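Chain by chain, the residues run as shown.
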Amino acid sequence: MVLSAATHEKIRAEIAHYPNARGALLYALHAARDEAGALGKEVFAEVGEHFGMRAGEVAEVASFYSLYNQPKAAAVVQVCTGLPCCLNGARGLVREAEKRLGTKSGTATADGRFAIVEVECLGSCGTAPVLQVNRNLYVERATPDYLASMLTSPEAAIGAHPPTPLISQIAEGVEGYLLPPNGQRRLTVEEYKQSGGYQAVVKAGTMEPKDIAATVKDAGLRGRGGAGFATGLKWTFMPPPDGGPRYLAVNADESEPGTFKDRQIMERNPHLPIEGIMIAAMAIQANAAFIYIRGEYVEAYRIMRAAIGEAYAAGILGENALGFNRRFDIHIQPGAGAYICGEESGMLESMEGKKGQPRKRPPFPAVRGLWQRPTTVENIETCSHAPVIIMRGADWYKSIGMPNSSGNTLFGVSGHVKRPGIYEMPLGVKLRDLIYKYGGGLEDGRTVKAVIPGGLSMPVLRGDQIDVAVDHESLKTVGSLLGTAGAIVMDDRSCMVRAALVIARFFEHESCGQCTQCREGTGWTYRTLKRIEAGEGRPQDLDTLADTFNFMDGKCICALADGASWASRAFLKQFRADYEAHIEAKKCPFPESFDV
Ligand SMILES: Cc1cc2nc3c(=O)[nH]c(=O)nc-3n(C[C@H](O)[C@H](O)[C@H](O)COP(=O)(O)O)c2cc1C
Ligand code: SF4
Ligand code: FES
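Residues numbered from 1 in each chain as written. Chains lettered and ligands numbered in written order. Predicted model: local features only at pLDDT ≥ 70, side-chain atom pairs only at ≥ 80, totals over all residues. Heavy atoms only, no water.

A closer look at the overall build of the chain
No. 1: Across its full length, the chain holds 26 helices and 16 strands.
No. 2: Rg of the C-alpha trace for the chain: 23 Å, near the compact-globule value of 25 Å for 596 residues, within the 12% margin.
No. 3: Counting only C-alpha atoms, the chain reaches 70 × 60 × 45 Å along its principal axes.
No. 4: Across the 596 residues of the chain, 61% fall into the buried class.
No. 5: Summarising the internal contacts of the chain: among those between residues at least 6 apart in sequence, 71% fall at separations of at least 24.
No. 6: Per element, the accessible surface of the chain, about 22,100 Å² overall, is 51% carbon and sulfur.
No. 7: Of the charged side chains in the chain, 65 are positive and 68 negative; the average position of the first set lies 2 Å away from that of the second. (Helix = DSSP H or I, 4+ residues; strand = E, 2+ residues; numbered from the N terminus. Rg over C-alpha atoms; globule rule 2.2 N^0.38 Å. Buried < 20%, exposed > 50% of the residue type's maximum accessible area, 1.4 Å probe, protein only. Contact = heavy atoms within 4.5 Å. Areas by Shrake-Rupley, 256 points an atom, 1.4 Å probe, with all protein chains shown as cover. Lys, Arg positive; Asp, Glu negative; His and termini not counted. Charge placed at Lys NZ, Arg CZ, Asp CG, Glu CD.)

Rendered as structure tokens:
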């Protein structure tokens, strides 16, 4: 036996939360890896016994997830090399680690004390560059000197927990309802109740489910997970109850570079999403909700789990749940390092303990979702808007923000700004204000060359396009999209081929590989950009790239391929001169650019 009795007991206790034991598989693999250090045949066999799976079947699932496939070492130092981290010196951190440890990125030292791994976005782009050692708390705003101090021993690396900077705030003059008031770091259940919390769920309990959905629809709430779908309308897609279970699947996977808002809600105001989830579940008449939190969010997972525990202890959840007059449960599942598990059907697969490969639709989740039962998938921020809508009404909510983009949102700003962070404001703030007034502007003397307004997959804008409002309709007029409202800013020294290269690397890494166009297209894009950036590009490469994007767009099972092609196509269209300059000069013509 490799795993202790205590670990087996933890796995058994977790299984009890699911209608199908395999819902606990990812949790079990984390528990096993935390104890054994790495996953191997014996561990897979022991874990598999809980789920009636052979070792090979467990290994196949585990092979899909980055967090289960890292080199074995006492301290695995993961350096985020997503775009906002690269813009803030991530490559320098990788080099420092390689130099100090005498080993290459992606490998472990011969004595097994350390390994260095480059990882995609850790969801904390506002505190870039970011490191994580094993499954410990993040090391944010990391510097080469600090990293050097961590690399003196595995114990020093594992124990390195500089305080988490507070980077989210309600913008001045704004009536906030997502983040805690008065800059409080975290609201307890009592504080949440004192500020009016859990009254909305009681009120919703007096309403018909269809009226809850209608109120949210009238309010104009649109999903905050990236696609901006009308939330109340989505709730009406659920079929009438048939006596069997129905689920709400809550998406807190947050893995798109530039997007780091859900973590702020979960860590600072954990009872707000719980109340919002309860209201959404009432509207769709769900029996239970499952929250899928990305595996790297160790702290958010712990805080949310504790808050759910508090809610059970206070009689808010469980038998006779507040407002429900019946049983209602919420449980949390950890992800394991795969961006595609944020895509709704990839997430459902992962929640069922499988590889997170998106499903072909139809059938849509409302018809056949989690464990083949009717399911609504909702982003965790989206749910967090429901309490204020129920308490203050659709008209009040609609009066905030812009037509077709109502309510506050958590705007992110990262990259080359002095005050990166999350700002709660009504939709429709000017992009220029987000960068200069809230984000503090750029380093003195620098100007904006490019901004991605809403998470990595949204089309990039040029620096002369920032006098646009950040909302669904306005961004369309300049050829972009709101996405997750997380802006990534690049200054005038930045090489746009490098930026496009980092983005292509992300999509190539995260494609699940099911669709030929996505698998081959993301790989081809990455390799071509790498060549162009290295000065080995040919003029015809640019036409081939454009063809590749057309080959990917709208032809695949899920929207990852679309996002990858939109992002890359926009860089080529907006900054073609940068590409041509590389090909002509046979090298990168931006010596002061950030490194990748
Ligand atoms: C590749 C890909 C990744 C996604 N990642 C996330 C994510 O991390 N979090 C999220 O809420 N939605 C994500 N989405 C959107 C979800 O598919 C889905 O639209 C969303 O969770 C629905 O919730 P909403 O309507 O409340 O936004 C992603 C979509 C795609 C195509
Ligand atoms: S589009 Fe890409 S990520 Fe989505 S299912 Fe196809 S291969 Fe997988
Ligand atoms: S945390 Fe590094 S790019 Fe997001």
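Considering the sheet that holds strand β1 (residues 75-80)
No. 1: Read across the sheet, four strands follow the order β2-β1-β3-β4 without closing on themselves; strand pairing throughout is mixed. Two strands bound the open sheet, and with one partner strand each, they are β2 (114-119) and β4 (138-139). (Pairing = 2+ DSSP bridges.)

Details of the packing of aromatic side chains
No. 1: A full pass over the atoms with the stated rule returns 18 aromatic pairs.
No. 2: Pairing tyrosine 247 with tryptophan 371 gives two aromatic rings, centres 5.7 Å apart and planes at 75°, and the pair type is edge-to-face. In this pair, tyrosine 247 sits in strand β6 (residues 247-252) while tryptophan 371 sits in the loop between α16 (344-351) and β9 (375-379), placing the two residues 124 residues apart along the sequence. There is no split in this pair, since tyrosine 247 and tryptophan 371 are both buried.
No. 3: Aromatic rings pair up to connect Tyr18, Tyr247, Phe290 and Trp371 into one cluster.
No. 4: Across from the ring centre of tyrosine 297, 5.4 Å away, lies the NZ or CZ of arginine 294, which sits over that ring.
No. 5: We note lysine 449 situated over the ring of phenylalanine 590; from NZ or CZ to the ring centre the distance is 4.1 Å. (Phe/Tyr/Trp six-rings, centres within 6.5 Å; stacked < 30°, edge-to-face > 60°. Lys NZ or Arg CZ within 6 Å of the ring centre and 35° of its normal.)

Description of helix α25 (residues 560-574)
No. 1: Relative to the 21 Å expected for 15 residues at 1.5 Å per residue, α25 spans 21 Å between its end C-alpha atoms, a close match to the ideal helical length.
No. 2: Of the positions making up α25, those classed as buried are Leu560, Ala561, Asp562, Gly563, Ala564, Ser565, Ala567, Ser568, Ala570, Phe571, Leu572 and Gln574. (Expected span 1.5 Å × (residues − 1).)

Describing the site of ligand 2
No. 1: Around ligand 2 there are 13 residues in total, and Cys512, Gln514, Cys515, Cys518 and Cys558 lie nearest to it.
No. 2: Partitioning the shell around ligand 2 into residue classes produces ten nonpolar, three polar and no charged. (Near = heavy atom within 4 Å. Nonpolar A, V, L, I, M, F, W, Y, C, P; charged D, E, K, R; others polar.)

Some details on the packing of helix α23 (residues 516-533) against helix α26 (residues 576-585)
No. 1: Packing of α23 against α26 brings their axes to within 8 Å, and their N-to-C directions diverge by 60°. Here α23 lies oblique to α26, going by the angle between them. Two secondary-structure elements touch here, α23 through Leu529, Ile532 and Glu533 and α26 through Tyr579, His582 and Ile583.
No. 2: Class assignment of the residues belonging to the contact of α23 with α26 gives a composition of four nonpolar, one polar and one charged. (Axes fitted to C-alpha atoms, helices over the stretch in contact; angles between N-to-C directions. Parallel < 35°, antiparallel > 145°, perpendicular 65-115°, else oblique.)

Considering the domain arrangement of the chain
Size of an interface, as often reported, equals the accessible area lost when the parts are brought together.
No. 1: For the chain, the domain assignment lists domain 1 (5-63), domain 2 (75-158), domain 3 (175-397), domain 4 (412-418 + 426-485) and domain 5 (496-585).
No. 2: One C-alpha centre belongs to domain 2, the other to domain 5, and the line joining them spans 27 Å.
No. 3: With six residues of domain 2 at the interface, the matching set in domain 5 holds seven residues.
No. 4: Taken over both partners, the interface formed by domain 2 and domain 5 buries close to 490 Å², and the fraction arising from carbon and sulfur atoms is 63%.
No. 5: Remark: the boundary between domain 2 and domain 5 carries zero salt bridges.
No. 6: Its residues assigned to classes, the side of domain 2 that touches domain 5 shows two nonpolar, two polar and two charged. (Domains from an automatic or database assignment. Buried area = accessible area lost by both parts, 1.4 Å probe. Salt bridge = Lys/Arg side-chain N within 4 Å of Asp/Glu carboxyl O.)

Comments concerning the site of ligand 1
No. 1: Near ligand 1 you find 19 residues, and of these Gly225, Lys234, Glu378, Asn379 and Thr382 are the closest.
No. 2: One nitrogen or oxygen atom from the main chain of arginine 224 is found 3.4 Å from an oxygen atom belonging to ligand 1.
No. 3: Burial of ligand 1 by the surrounding chains reaches 88%, relative to a free accessible area of 610 Å².
No. 4: With three residues, β9 is the single largest residue contributor to the shell around ligand 1.
No. 5: Broken down by class, the residue content of the shell around ligand 1 amounts to five nonpolar, seven polar and seven charged. (Polar contact = N/O pair within 3.5 Å; in protein donor to acceptor, adjacent residues only side chain to side chain.)

Considerations on the packing of helix α14 (residues 271-284) against helix α15 (residues 298-313)
No. 1: Between α14 and α15, the least distance of the axes is 9 Å, while the angle of their chain directions is 60°. On the basis of the axis angle, α14 is oblique to α15. In the packing of α14 onto α15, the handedness of the crossing is right-handed. Only Met304, Ala307, Ile308, Glu310 and Ala311 of α15 make contact with α14, whose side of the interface consists of His271, Pro273 and Ile274.
No. 2: For the contact of α14 with α15, a count of residues per class yields six nonpolar, one polar and one charged. (Left-handed = near helix turned anticlockwise from the far one by under 90°.)

Observations concerning the pairing of strand β8 (residues 329-334)
No. 1: In terms of burial, β8 is a largely internal element, five of the six residues being buried.
No. 2: Looking at chain direction, strand β7 (residues 288-293) and β8 are connected through six bridges and run parallel. Residue alanine 288 lies in a different strand from β8, and its bridge partner there is aspartate 329.
No. 3: This β-α-β element, β7 to α15 to β8, shows right-handed connectivity. (Right-handed = clockwise from strand over helix to strand, strands pointing away.)

So, the side chain of threonine 7
No. 1: Here threonine 7 lies in helix α1 (residues 5-15).
No. 2: Setting aside its immediate chain neighbours within four residues, threonine 7 contacts Ala31, Ala32 and Glu35.

Overview of the pattern of salt bridges
No. 1: Throughout the structure, instances matching the rule amount to 46 salt bridges.
No. 2: The salt bridge partner of glutamate 378 is lysine 234, with a shortest N-O separation of 3.3 Å. Here glutamate 378 is found in strand β9, whereas its partner lysine 234 is found in helix α12 (residues 231-235), with 144 residues between them in sequence.
No. 3: Classification of glutamate 378 by relative accessible area gives buried; the value is 2%.
No. 4: In this structure lysine 234 comes out as buried when scored by relative accessible area, which is 19%.
No. 5: Put simply, arginine 263 and glutamate 267 hold a salt bridge, and the shortest N to O gap is 2.9 Å. Taken together, the residues arginine 263 and glutamate 267, both in helix α13 (residues 262-268) and four residues apart, mark about one turn of the helix.
No. 6: Assessed through its relative accessible area of 5%, arginine 263 is described here as buried.
No. 7: Classification of glutamate 267 as buried rests on a relative accessible area of 10%.
No. 8: Sharing partners across several salt bridges, the network here consists of Arg224, Lys261, Asp262 and Glu381.

Some remarks on the sheet that holds strand β12 (residues 408-415)
Backbone hydrogen bonds hold the strands of a sheet together, and the pairing may be parallel or antiparallel.
No. 1: The strand order β5-β13-β12-β16-β14-β15 describes an open sheet built from six strands, whose pairing is mixed. Of all strands in the sheet, those with a lone pairing partner are β5 (168-170) and β15 (461-462), marking the two edges.
No. 2: Alignment of β5 against strand β13 (residues 421-426), held across three bridges, turns out to be parallel. Note on β13: the bridge partner recorded for isoleucine 170 is glutamate 424.

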